[in-house]
Amino acid sequence: MDRELNFKGNSPLLYLISTPIGNLDEFSPRAIEVLNGIDFVAAEDTRNSGSLLSKFNIKKPFIMCHEHNEEEASTKIISLLKEGKKIAYMSDAGYPAISDPGERLVARCIEEGIKVSCVNGSNAALCALVCSGLPTNHFYFYGFLPSKPSEREKELSKLKVREDTMIFYEAPHRIDATLKSMKEAFGGSRRACIGRELTKAFEEFIRGDFNALCELDPETLKGEMVIIVDKAPQSSKELSDDEIVELLKEYTKDMRSKDAISKIVKEKGVAKNRVYDLYLSIK
Ligand code: SAM
(Lines give C-alpha, C1' and ligand atoms only; values in the text may rest on other atoms or scores of the structure.)
Protein backbone atom coordinates (compact mmCIF):
# COMPACT_ATOMS: atom_id res chain seq x y z
CA MET A 1 0.00 0.00 0.00
CA ASP A 2 1.23 3.51 -0.65
CA ARG A 3 -0.11 6.44 1.28
CA GLU A 4 1.27 9.99 1.31
CA LEU A 5 -0.29 13.45 1.36
CA ASN A 6 0.19 15.03 -2.06
CA PHE A 7 1.17 18.50 -0.90
CA LYS A 8 3.35 17.60 2.11
CA GLY A 9 7.07 16.98 1.74
CA ASN A 10 9.23 17.35 -1.33
CA SER A 11 8.81 14.01 -3.02
CA PRO A 12 8.20 14.24 -6.78
CA LEU A 13 4.70 14.93 -8.08
CA LEU A 14 3.35 15.04 -11.63
CA TYR A 15 0.54 17.51 -12.32
CA LEU A 16 -2.14 16.57 -14.86
CA ILE A 17 -3.73 19.70 -16.24
CA SER A 18 -7.13 19.82 -17.91
CA THR A 19 -7.16 22.29 -20.80
CA PRO A 20 -10.15 24.04 -22.46
CA ILE A 21 -12.26 22.08 -24.96
CA GLY A 22 -13.16 25.30 -26.78
CA ASN A 23 -13.60 28.38 -24.64
CA LEU A 24 -10.21 29.52 -23.35
CA ASP A 25 -11.82 31.22 -20.36
CA GLU A 26 -12.22 27.72 -18.93
CA PHE A 27 -8.47 27.53 -18.33
CA SER A 28 -8.41 27.86 -14.56
CA PRO A 29 -6.39 30.34 -12.49
CA ARG A 30 -4.98 27.30 -10.67
CA ALA A 31 -3.76 25.78 -13.96
CA ILE A 32 -2.00 29.06 -14.78
CA GLU A 33 -0.46 29.25 -11.29
CA VAL A 34 0.80 25.65 -11.46
CA LEU A 35 2.23 26.15 -14.96
CA ASN A 36 4.04 29.32 -13.88
CA GLY A 37 5.75 27.37 -11.08
CA ILE A 38 7.04 24.34 -13.02
CA ASP A 39 10.23 23.57 -14.96
CA PHE A 40 8.84 21.58 -17.93
CA VAL A 41 5.51 21.14 -19.67
CA ALA A 42 4.99 17.65 -21.02
CA ALA A 43 2.43 17.85 -23.82
CA GLU A 44 0.63 15.71 -26.40
CA ASP A 45 1.25 18.36 -29.05
CA THR A 46 3.78 21.04 -28.28
CA ARG A 47 2.51 23.42 -30.99
CA ASN A 48 -1.04 23.21 -29.71
CA SER A 49 -0.07 23.61 -26.04
CA GLY A 50 2.51 26.27 -26.99
CA SER A 51 -0.16 28.48 -28.50
CA LEU A 52 -2.45 27.96 -25.47
CA LEU A 53 0.34 28.87 -23.05
CA SER A 54 1.41 31.89 -25.08
CA LYS A 55 -2.14 33.29 -24.70
CA PHE A 56 -1.47 33.27 -20.95
CA ASN A 57 2.11 34.58 -21.33
CA ILE A 58 3.61 31.33 -20.07
CA LYS A 59 6.88 30.19 -21.66
CA LYS A 60 8.34 26.84 -20.58
CA PRO A 61 10.44 24.14 -22.19
CA PHE A 62 8.36 21.29 -23.60
CA ILE A 63 8.68 17.51 -23.53
CA MET A 64 6.64 15.75 -26.22
CA CYS A 65 4.50 12.87 -24.90
CA HIS A 66 1.91 11.51 -27.35
CA GLU A 67 0.32 8.14 -28.04
CA HIS A 68 3.25 6.95 -30.20
CA ASN A 69 6.05 7.76 -27.73
CA GLU A 70 4.32 7.66 -24.35
CA GLU A 71 6.50 4.85 -23.02
CA GLU A 72 9.90 6.50 -23.78
CA ALA A 73 8.60 9.96 -22.87
CA SER A 74 7.36 8.59 -19.50
CA THR A 75 10.86 7.28 -18.74
CA LYS A 76 12.31 10.72 -19.45
CA ILE A 77 9.63 12.56 -17.43
CA ILE A 78 10.06 10.19 -14.47
CA SER A 79 13.83 10.62 -14.42
CA LEU A 80 13.47 14.44 -14.48
CA LEU A 81 10.88 14.29 -11.68
CA LYS A 82 13.28 12.15 -9.62
CA GLU A 83 16.00 14.78 -10.18
CA GLY A 84 13.66 17.26 -8.49
CA LYS A 85 12.27 18.97 -11.61
CA LYS A 86 8.64 20.10 -11.51
CA ILE A 87 6.53 18.87 -14.46
CA ALA A 88 2.91 19.15 -15.60
CA TYR A 89 1.32 17.09 -18.37
CA MET A 90 -1.42 18.32 -20.70
CA SER A 91 -3.15 16.80 -23.71
CA ASP A 92 -4.68 18.79 -26.57
CA ALA A 93 -8.06 19.38 -24.92
CA GLY A 94 -9.88 18.40 -21.75
CA TYR A 95 -8.41 15.89 -19.33
CA PRO A 96 -5.27 13.95 -20.15
CA ALA A 97 -5.90 10.18 -20.20
CA ILE A 98 -9.56 10.57 -21.20
CA SER A 99 -9.51 9.35 -24.84
CA ASP A 100 -6.13 11.08 -24.88
CA PRO A 101 -2.59 10.07 -23.92
CA GLY A 102 -1.62 10.14 -20.23
CA GLU A 103 -2.90 6.84 -18.80
CA ARG A 104 0.44 5.06 -19.31
CA LEU A 105 2.40 8.01 -17.90
CA VAL A 106 0.25 8.06 -14.76
CA ALA A 107 0.53 4.29 -14.26
CA ARG A 108 4.33 4.47 -14.67
CA CYS A 109 4.60 7.35 -12.17
CA ILE A 110 2.58 5.38 -9.62
CA GLU A 111 4.77 2.29 -10.17
CA GLU A 112 7.81 4.48 -9.51
CA GLY A 113 6.36 5.99 -6.31
CA ILE A 114 5.76 9.42 -7.89
CA LYS A 115 2.68 11.28 -6.70
CA VAL A 116 0.08 12.52 -9.18
CA SER A 117 -2.30 15.46 -8.80
CA CYS A 118 -4.98 16.78 -11.15
CA VAL A 119 -5.74 20.42 -11.93
CA ASN A 120 -9.39 20.24 -12.90
CA GLY A 121 -11.13 21.93 -15.78
CA SER A 122 -13.08 21.15 -18.94
CA ASN A 123 -14.20 17.70 -20.09
CA ALA A 124 -16.43 17.10 -23.11
CA ALA A 125 -18.11 13.94 -21.76
CA LEU A 126 -19.40 15.43 -18.51
CA CYS A 127 -20.32 18.73 -20.15
CA ALA A 128 -22.58 16.88 -22.63
CA LEU A 129 -23.96 14.48 -20.02
CA VAL A 130 -25.13 17.15 -17.58
CA CYS A 131 -26.86 19.13 -20.36
CA SER A 132 -28.41 16.07 -22.04
CA GLY A 133 -31.43 15.78 -19.76
CA LEU A 134 -30.82 12.02 -19.56
CA PRO A 135 -30.25 10.24 -16.23
CA THR A 136 -26.95 11.21 -14.60
CA ASN A 137 -27.12 8.95 -11.52
CA HIS A 138 -25.33 6.08 -13.27
CA PHE A 139 -23.39 6.49 -16.49
CA TYR A 140 -20.88 4.60 -18.59
CA PHE A 141 -18.14 6.33 -20.53
CA TYR A 142 -17.24 4.44 -23.71
CA GLY A 143 -15.22 7.05 -25.65
CA PHE A 144 -14.58 6.36 -29.35
CA LEU A 145 -16.24 3.34 -30.97
CA PRO A 146 -14.13 1.34 -33.44
CA SER A 147 -14.08 2.97 -36.88
CA LYS A 148 -14.59 -0.32 -38.75
CA PRO A 149 -18.37 -0.79 -39.19
CA SER A 150 -18.39 -4.52 -38.31
CA GLU A 151 -16.43 -3.91 -35.07
CA ARG A 152 -18.56 -0.88 -34.21
CA GLU A 153 -21.74 -2.92 -34.62
CA LYS A 154 -20.34 -5.73 -32.47
CA GLU A 155 -19.53 -3.29 -29.67
CA LEU A 156 -22.95 -1.64 -29.89
CA SER A 157 -24.75 -4.96 -29.71
CA LYS A 158 -22.94 -5.65 -26.41
CA LEU A 159 -23.90 -2.20 -25.11
CA LYS A 160 -27.60 -2.27 -26.01
CA VAL A 161 -28.59 -3.89 -22.70
CA ARG A 162 -26.62 -1.51 -20.45
CA GLU A 163 -28.89 0.02 -17.86
CA ASP A 164 -26.94 3.22 -17.45
CA THR A 165 -26.62 6.33 -19.61
CA MET A 166 -23.79 5.91 -22.14
CA ILE A 167 -21.29 8.50 -23.37
CA PHE A 168 -19.54 8.29 -26.76
CA TYR A 169 -17.05 10.54 -28.50
CA GLU A 170 -17.28 10.73 -32.27
CA ALA A 171 -15.50 12.43 -35.16
CA PRO A 172 -17.65 14.51 -37.56
CA HIS A 173 -16.87 12.35 -40.61
CA ARG A 174 -18.28 9.27 -38.85
CA ILE A 175 -21.26 10.78 -37.01
CA ASP A 176 -23.85 9.84 -39.64
CA ALA A 177 -22.72 6.20 -39.88
CA THR A 178 -22.49 5.92 -36.09
CA LEU A 179 -26.00 7.31 -35.52
CA LYS A 180 -27.35 4.77 -38.03
CA SER A 181 -25.48 1.89 -36.34
CA MET A 182 -26.83 3.09 -32.97
CA LYS A 183 -30.40 3.17 -34.30
CA GLU A 184 -29.92 -0.38 -35.55
CA ALA A 185 -28.49 -1.62 -32.24
CA PHE A 186 -30.50 0.38 -29.68
CA GLY A 187 -33.77 0.78 -31.60
CA GLY A 188 -35.28 3.88 -33.17
CA SER A 189 -37.16 4.87 -30.01
CA ARG A 190 -34.09 5.02 -27.73
CA ARG A 191 -33.49 8.62 -26.62
CA ALA A 192 -30.16 10.34 -27.17
CA CYS A 193 -28.54 13.76 -27.19
CA ILE A 194 -25.76 15.11 -29.39
CA GLY A 195 -23.65 17.78 -27.67
CA ARG A 196 -21.93 19.71 -30.45
CA GLU A 197 -19.20 22.36 -30.32
CA LEU A 198 -19.39 22.52 -26.52
CA THR A 199 -18.37 25.80 -24.90
CA LYS A 200 -17.85 27.34 -28.37
CA ALA A 201 -19.85 29.99 -30.28
CA PHE A 202 -21.95 27.35 -32.11
CA GLU A 203 -22.63 25.13 -29.10
CA GLU A 204 -25.77 23.05 -29.65
CA PHE A 205 -27.66 20.19 -27.98
CA ILE A 206 -29.77 18.04 -30.29
CA ARG A 207 -32.17 15.87 -28.31
CA GLY A 208 -34.44 13.22 -29.74
CA ASP A 209 -34.79 9.52 -30.40
CA PHE A 210 -32.62 7.71 -32.96
CA ASN A 211 -35.47 7.79 -35.51
CA ALA A 212 -35.28 11.60 -35.42
CA LEU A 213 -31.50 11.91 -35.09
CA CYS A 214 -30.99 9.72 -38.16
CA GLU A 215 -33.10 12.16 -40.18
CA LEU A 216 -30.66 15.03 -39.50
CA ASP A 217 -28.82 16.43 -42.50
CA PRO A 218 -25.17 15.35 -41.98
CA GLU A 219 -24.14 18.73 -43.41
CA THR A 220 -25.48 20.31 -40.21
CA LEU A 221 -23.41 17.99 -38.01
CA LYS A 222 -20.00 19.62 -38.19
CA GLY A 223 -17.42 20.18 -35.51
CA GLU A 224 -16.75 18.21 -32.33
CA MET A 225 -19.48 16.02 -30.91
CA VAL A 226 -20.39 13.85 -27.94
CA ILE A 227 -23.31 11.40 -28.14
CA ILE A 228 -25.21 10.65 -24.93
CA VAL A 229 -27.50 7.60 -25.13
CA ASP A 230 -30.29 6.72 -22.71
CA LYS A 231 -30.07 3.46 -20.78
CA ALA A 232 -31.78 0.33 -22.05
CA PRO A 233 -35.47 0.05 -21.19
CA GLN A 234 -36.10 -2.21 -18.20
CA SER A 235 -36.01 -5.74 -19.45
CA SER A 236 -39.12 -7.89 -19.43
CA LYS A 237 -37.63 -10.02 -16.64
CA GLU A 238 -37.59 -7.04 -14.35
CA LEU A 239 -41.01 -5.62 -15.16
CA SER A 240 -43.54 -6.96 -12.70
CA ASP A 241 -47.19 -7.57 -13.66
CA ASP A 242 -48.15 -4.53 -11.56
CA GLU A 243 -45.69 -2.34 -13.50
CA ILE A 244 -47.07 -3.54 -16.84
CA VAL A 245 -50.63 -2.86 -15.63
CA GLU A 246 -49.54 0.66 -14.58
CA LEU A 247 -48.10 1.25 -18.07
CA LEU A 248 -51.26 -0.11 -19.71
CA LYS A 249 -53.41 2.27 -17.64
CA GLU A 250 -51.18 5.22 -18.47
CA TYR A 251 -50.86 4.53 -22.20
CA THR A 252 -54.54 3.69 -22.78
CA LYS A 253 -55.47 7.15 -21.47
CA ASP A 254 -54.55 8.62 -24.84
CA MET A 255 -54.09 5.74 -27.27
CA ARG A 256 -56.00 2.71 -28.49
CA SER A 257 -55.45 -0.47 -26.43
CA LYS A 258 -53.88 -2.18 -29.44
CA ASP A 259 -51.32 0.62 -29.77
CA ALA A 260 -50.65 0.69 -26.03
CA ILE A 261 -49.92 -3.05 -26.05
CA SER A 262 -47.59 -2.71 -29.05
CA LYS A 263 -45.77 0.20 -27.43
CA ILE A 264 -45.08 -1.81 -24.26
CA VAL A 265 -43.96 -4.85 -26.27
CA LYS A 266 -41.61 -2.72 -28.37
CA GLU A 267 -40.22 -0.46 -25.67
CA LYS A 268 -39.95 -2.89 -22.81
CA GLY A 269 -39.32 -6.13 -24.65
CA VAL A 270 -42.20 -7.89 -22.84
CA ALA A 271 -43.89 -10.85 -24.58
CA LYS A 272 -47.05 -9.75 -26.41
CA ASN A 273 -49.31 -12.46 -24.95
CA ARG A 274 -48.27 -11.48 -21.39
CA VAL A 275 -49.21 -7.83 -22.00
CA TYR A 276 -52.43 -8.88 -23.73
CA ASP A 277 -53.44 -11.22 -20.86
CA LEU A 278 -52.80 -8.42 -18.34
CA TYR A 279 -54.83 -6.05 -20.48
CA LEU A 280 -57.73 -8.54 -20.47
CA SER A 281 -57.46 -8.85 -16.67
CA ILE A 282 -58.04 -5.10 -16.14
CA LYS A 283 -60.44 -4.45 -19.01
N1 SAM B 1 -9.60 14.58 -23.30
C2 SAM B 1 -10.79 15.12 -23.84
C3 SAM B 1 -11.84 15.30 -22.72
O4 SAM B 1 -11.48 15.26 -21.55
O5 SAM B 1 -13.00 15.54 -23.03
C6 SAM B 1 -11.31 14.29 -25.01
C7 SAM B 1 -10.35 14.20 -26.14
S8 SAM B 1 -10.88 13.21 -27.49
C9 SAM B 1 -9.38 13.03 -28.37
C10 SAM B 1 -11.68 14.35 -28.54
C11 SAM B 1 -13.19 14.09 -28.62
O12 SAM B 1 -13.83 14.69 -27.50
C13 SAM B 1 -13.85 14.71 -29.84
O14 SAM B 1 -13.78 13.85 -30.97
C15 SAM B 1 -15.27 14.88 -29.38
O16 SAM B 1 -15.98 13.68 -29.43
C17 SAM B 1 -15.05 15.26 -27.90
N18 SAM B 1 -14.92 16.73 -27.78
C19 SAM B 1 -13.81 17.44 -27.50
N20 SAM B 1 -14.10 18.76 -27.46
C21 SAM B 1 -15.41 18.89 -27.74
C22 SAM B 1 -16.31 19.99 -27.86
N23 SAM B 1 -15.90 21.25 -27.69
N24 SAM B 1 -17.59 19.73 -28.15
C25 SAM B 1 -18.04 18.46 -28.32
N26 SAM B 1 -17.24 17.38 -28.22
C27 SAM B 1 -15.94 17.60 -27.93
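Sequence order sets the numbering: in each chain, residues are counted from 1 along the sequence as written. Local features in this predicted model are restricted to residues whose pLDDT is 70 or higher, and side-chain atom pairs enter the listing and the counts only when it is 80 or higher, whereas totals over whole chains, interfaces and linings include all residues. Side-chain numbers here rest on the full set of heavy atoms in the structure, without hydrogens or water.

**Q** Hey, could you run me through the overall build of the chain in this one?
**A** The way it works is that DSSP assigns letters per residue, a run of H or I at least four long becomes a helix, a run of E at least two long becomes a strand, and they are numbered from the N terminus. Secondary structure assignment for the chain yields 11 helices and 10 strands. For the radius of gyration, the atom set is restricted to C-alpha positions; the globular benchmark scales as 2.2 Å times the number of residues to the power 0.38. For the chain, whose C-alpha radius of gyration is 24 Å, the value lies well above the compact-globule estimate of 19 Å for 283 residues. Structurally, the chain occupies a C-alpha span of about 80 × 50 × 35 Å along its principal axes. For the exposure calls, accessible area comes from a 1.4 Å probe over protein chains only, and a residue counts as buried if that area is under 20% of its type's maximum, exposed if over 50%, partly exposed in between. Counting the 283 residues in the chain, one finds 41% classified as buried. Only the protein chains shown count as cover for residues, and all accessible areas are computed by the Shrake-Rupley method using a 1.4 Å probe. Accessible area for the chain stands at about 15500 Å²; split by element, carbon and sulfur atoms hold 50% of it. Taking the average location of the 41 positive side-chain charges in the chain and that of its 45 negative ones, the two points are 1 Å from each other. Charged residues are defined narrowly, with Lys and Arg counted positive, Asp and Glu counted negative, and His plus the chain ends left uncounted. By convention, the point assigned to a charge is CZ for Arg, NZ for Lys, CD for Glu and CG for Asp.

**Q** Before we go on, may I ask you to explain the environment of Val-226 in this structure?
**A** Inspection of the secondary structure puts Val-226 in strand E10 (residues 225-229). Along the chain, Val-226 and Ala-124 lie 102 residues apart, while their C-alpha atoms are 7.0 Å from each other. Beyond its immediate sequence surroundings of up to four residues, Val-226 is in contact with Ala-124, Ala-125, Ala-128, Ile-167, Phe-168, Tyr-169, Cys-193, Ile-194, Gly-195 and Leu-198. Contact definition: two residues touch when any of their heavy atoms are within 4.5 Å.

**Q** Would you take a moment to explain the pattern of salt bridges for this structure?
**A** Pairs can form between side chains of opposite charge once their charged atoms are near each other. Salt-bridge detection follows one rule: a side-chain nitrogen of Lys or Arg within 4 Å of a carboxyl oxygen of Asp or Glu. Following the criterion strictly, the structure yields 17 salt bridges and no others. Close ionic contact of Asp-176 with Lys-180 constitutes a salt bridge, the shortest N to O distance being 3.1 Å. Of the two residues, Asp-176 and Lys-180 both sit in helix H7 (residues 175-186), 4 residues apart, roughly one turn of that helix. Classification of Asp-176 as partly exposed rests on a relative accessible area of 25%. We classify Lys-180 as partly exposed; its relative accessible area is 43%. Glu-197 is paired through a salt bridge with Lys-200; the nearest N and O atoms lie 3.3 Å apart. Here the residues in one salt-bridge network are Glu-71, Arg-104, Arg-108 and Glu-111, joined through shared partners.

**Q** What exactly am I supposed to notice about the nonpolar core here?
**A** Within soluble globular proteins, side chains that are nonpolar generally end up buried alongside one another. In terms of nonpolar packing, the biggest core is built from 19 residues, with Phe-168, Leu-179, Met-182, Phe-186, Phe-210 and Val-229 touching the most fellow members. Of all the secondary-structure elements, those providing two or more residues to this core are helix H6 (149-159), strand E7 (165-170), H7, strand E8 (191-196), helix H8 (210-213) and E10. A per-element tally of this core places H7 first, with 4 residues. With 17 residues, the next largest nonpolar core counts Leu-16, Phe-40, Ala-42 and Leu-81 among its residues. Within this scheme, the nonpolar core is defined by two criteria: the residues are buried Ala, Val, Leu, Ile, Met, Phe, Trp, Tyr or Cys, and they are joined through side-chain atoms within 4.5 Å.

**Q** Where do I start with the site of the ligand in this structure?
**A** Taken together, 19 residues sit near the ligand, with Ile-98, Asn-123, Tyr-169, Leu-198 and Met-225 positioned nearest. Polar contact criterion, stated in full: a pair of N or O atoms within 3.5 Å, where within protein one must be able to donate a hydrogen and the other to accept it, and residues adjacent in sequence count only if both atoms are side-chain atoms. At 2.9 Å from an oxygen atom of the ligand is found a main-chain nitrogen or oxygen belonging to Ala-124. Here an oxygen atom of the ligand sits 3.2 Å away from a polar atom, N or O, in the main chain of Glu-170. Contact with the protein chains removes 91% of the 580 Å² of surface that the ligand exposes when unbound. Elements represented by at least two residues in the shell around the ligand include exactly E7 and E10. Gly is placed with the polar residues, together with every amino acid not listed as nonpolar (Ala, Val, Leu, Ile, Met, Phe, Trp, Tyr, Cys and Pro) or charged (Asp, Glu, Lys and Arg). Across the shell around the ligand, the residue classes break down as 10 nonpolar, 4 polar and 5 charged. Proximity is defined per residue: if any heavy atom of the residue lies within 4 Å of a molecule or strand, that residue is considered near it.

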